Amino acid sequence: MHPIPFNKPFLTGNESIYINEVISSGRLSGNGKYTHLCQDFFCNTFGFKKCFLTTSCTDALEMAAILIDIKPGDEIILPSYTFVSSANAFILRGAKVVFADSNKLNPNIDTHQIESLITSKTKAIVVVHYAGIACDMELIMNIASAHNLYVIEDAAQAIDSYYIYADGSRKALGSFGHLATFSFHETKNISSGEGGMLVINEDSFIARAETVYEKGTNRAQFLRNEIDKYQWMDVGSSFMPAEIVAAFLWSQLQEIQQIHNHRLFLWNLYYSALENSSIQSDFNLPFIPQYAAHNAHIFYIVCSDLHQRIEISHRLKQSHINSCSHYQSLHNSPFFLAHHPKVSLPYTEKFTNCLLRLPLYHSLQASDIDIIADCIS
Ligand SMILES: Cc1ncc(COP(=O)(O)O)c(C=O)c1O
């Protein structure tokens with residue numbers, strides 16, 4: 001039996017052509033032709049107001065924390081079931097993170113818990129669309145607006161995923177929050193090796209974002225010939241990727257429809273192949289709320305307990321199939337526990353213990369899915 005890795009990056013074949021063009025142009029630093037092509041693509045395709053390519057989603061989150069002016073003592077509400085960067089970006093600026101539990105049926109933030117966590121110090125709600133599956137964005141935006149809070153969508157996994165309204169219309173994830181962040185890390189549906197993007201949907205952030213993005217200077221205005229020299233105007237840092245990274249990303253974006261159609265095809269094959277055994281063996285398949293149209297970023301199962309998850313991943317490993325658990329709850333992390341008392345977030349802990357991600361990548365074969373499903377059954 002041939003080994004089945006957990007992930008294999010997808011290459012369109014055009015990456016090296018565009019990268020070579022950048023090299024020959026002699027214009028290697030960021031904010032050039034390919035950066036603008038990518039940013040315009042995102043604004044035009046998904047209705048984002050303004051986009052800044054960054055070197056990672058982590059960077060984009062750090063930029064977001066600067067833009068909402070986080071000060072020591074400000075509180076941020078976020079799910080504990082997420083990647084460390086969703087919390088670290090705010091901790092770095094002195095914020096206190098307040099963790100909400102996951103939903104019972106999927107790892108996204110339990111929206112109904114949010115209001116009970118809001119205090120006079122709360123500044124923002126950070127939501128994570130786990131596996132590209134939408135959080136309840138209508139409710140979240142209503143809560144935020146009632147309490148005058150910012151919403152930041154950590155859409156690291158949610159490119160080309162949507163929230164569906166009751167009338168059937170849809171809106172792209174990343175277009176709801178005042179700010180949103182995406183990742184193009186190697187493991188994401190659309191990748192540039194490492195990479196990310198900050199989305200700004202609120203006009204009032206745009207001018208300052210240009211400065212923060214340019215290391216705290218008004219260089220963007222200088223490059224537009226609006227001023228004769230650029231100077232230090234604000235805090236800022238180095239968030240901009242090189243054109244080579246943007247050129248790689250552009251080749252992937254051109255194939256986004258085909259990439260997602262194929263991933264959804266594989267995701268649906270998994271779902272059908274495992275439907276019966278999930279009932280017999282007492283594990284759950286992903287729960288997709290009616291309001292979510294997802295991008296097949298992850299296919300996961302939720303085992304009945306830790307023992308079953310270890311057993312299934314061990315059996316898969318014996319057949320040379322790599323599966324992976326996912327986030328370790330942040331509220332139980334050594335860093336958080338060193339400064340805070342232990343709390344219990346039962347659904348977060350359930351997903352930490354029981355969620356198992358199965359291989360899902362473009363070149364995965366339908367016959368591989370049959371083998372994996374048989375092994376699990
Ligand atoms: C929810 C979430 N946010 C942020 C990140 C960080 O992304 P990056 O590696 O692009 O910094 C990840 C990484 O996978 C993630 O899963």
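Visitor: It is not clear to me how the site of the ligand should be interpreted in this structure. Could you clarify?
Guide: In the vicinity of the ligand lie 14 residues, with Ser 56, Cys 57, Thr 58, Phe 83 and Ser 183 positioned nearest. When residues of the shell around the ligand are traced back to their parent elements, those giving at least two are α3 (57–67) and α4 (84–91). By residue class, the composition of the shell around the ligand is four nonpolar, nine polar and one charged.

Visitor: Mind showing me how you'd approach helix α9 (residues 243–253) here?
Guide: Given 3.6 residues per turn, any residue in an α-helix points the same way as the ones three and four places further on. Among the eleven residues that make up α9, eleven are buried, leaving the element largely enclosed by the rest of the structure. Inspection of α9 places Glu 243, Ile 244, Val 245, Ala 246, Ala 247, Phe 248, Leu 249, Trp 250, Ser 251, Gln 252 and Leu 253 among the buried residues, and these make up the whole buried set. Close packing links the buried residues of α9 with α1 (15–25), α2 (33–46), β1 (50–54) and α10 (256–281).

Visitor: Would you take a moment to explain the environment of Gln 328 for this structure?
Guide: Within the fold, Gln 328 resides in the loop between α11 (306–318) and α12 (334–337). Residue classification places Gln 328 among the partly exposed residues on the basis of 14 C-beta atoms within 10 Å. Between the C-alpha atoms of Gln 328 and Gly 13, which are 315 residues apart in sequence, the distance is 36 Å. Not counting residues within four places of it along the chain, the set of residues in contact with Gln 328 comprises Ser 333 and Thr 352.

Visitor: Looking at this structure, I do not really get the domain arrangement of the chain. What am I missing?
Guide: Many authors give the size of an interface as the accessible area that is lost as the parts come together. Parsing the chain into structural domains produces domain 1 (15–253) and domain 2 (256–376). The C-alpha-based centres of domain 1 and domain 2 are spaced at 25 Å. At the junction of the two partners, domain 1 supplies 31 residues and domain 2 supplies 27 residues. Among the secondary structure elements, those contributing two or more residues to the side of domain 1 that touches domain 2 are α4 and β6 (162–164). Looking at the side of domain 1 that touches domain 2, the element that brings in the most residues is β6, giving three residues. For the side of domain 1 that touches domain 2, the per-class residue count stands at 17 nonpolar, nine polar and five charged.

Visitor: Where do I start with unusual backbone geometry in this structure?
Guide: Excluding glycine, a negative phi dihedral is what most residues carry, and trans is how most peptide bonds are arranged. Positioned with a positive phi, Asn 31 is a non-glycine residue whose angle comes to about 65°. On the neighbour-count criterion, Asn 31 (21 C-beta atoms within 10 Å) is buried. In this structure, Asp 282 takes a positive phi of about 65° despite not being glycine. For Asp 282, a count of 11 C-beta atoms within 10 Å puts it in the exposed group.

Rules and cut-offs
- All residue numbers here refer to positions counted from 1 along the written sequence of the relevant chain.
- Per-residue local features are limited, in this predicted model, to residues with pLDDT of at least 70; the limit for side-chain atom pairs, both in listing and counting, is 80 or more; totals at the level of whole chains, interfaces and linings are taken over all residues.
- We call a residue near a molecule or strand if the C-beta atom, set from the backbone, is within 6 Å of it.
- Helix numbers and strand numbers start at the N terminus; a helix is a DSSP run of H or I with at least 4 residues, a strand a run of E with at least 2.
- Gly counts as polar in this scheme, as do all residues outside two lists: the nonpolar Ala, Val, Leu, Ile, Met, Phe, Trp, Tyr, Cys and Pro, and the charged Asp, Glu, Lys and Arg.
- Counting other C-beta atoms within 10 Å of each residue's C-beta, where C-beta atoms are placed from the backbone, gives the exposure class: buried for 20 or more, exposed for 12 or fewer, partly exposed between.
- By the convention adopted here, residues are in contact when the distance between their C-beta atoms, placed from the backbone, does not exceed 7 Å.
- Segmentation of the chain into domains, including their bounds, is taken from an automatic or database domain assignment.

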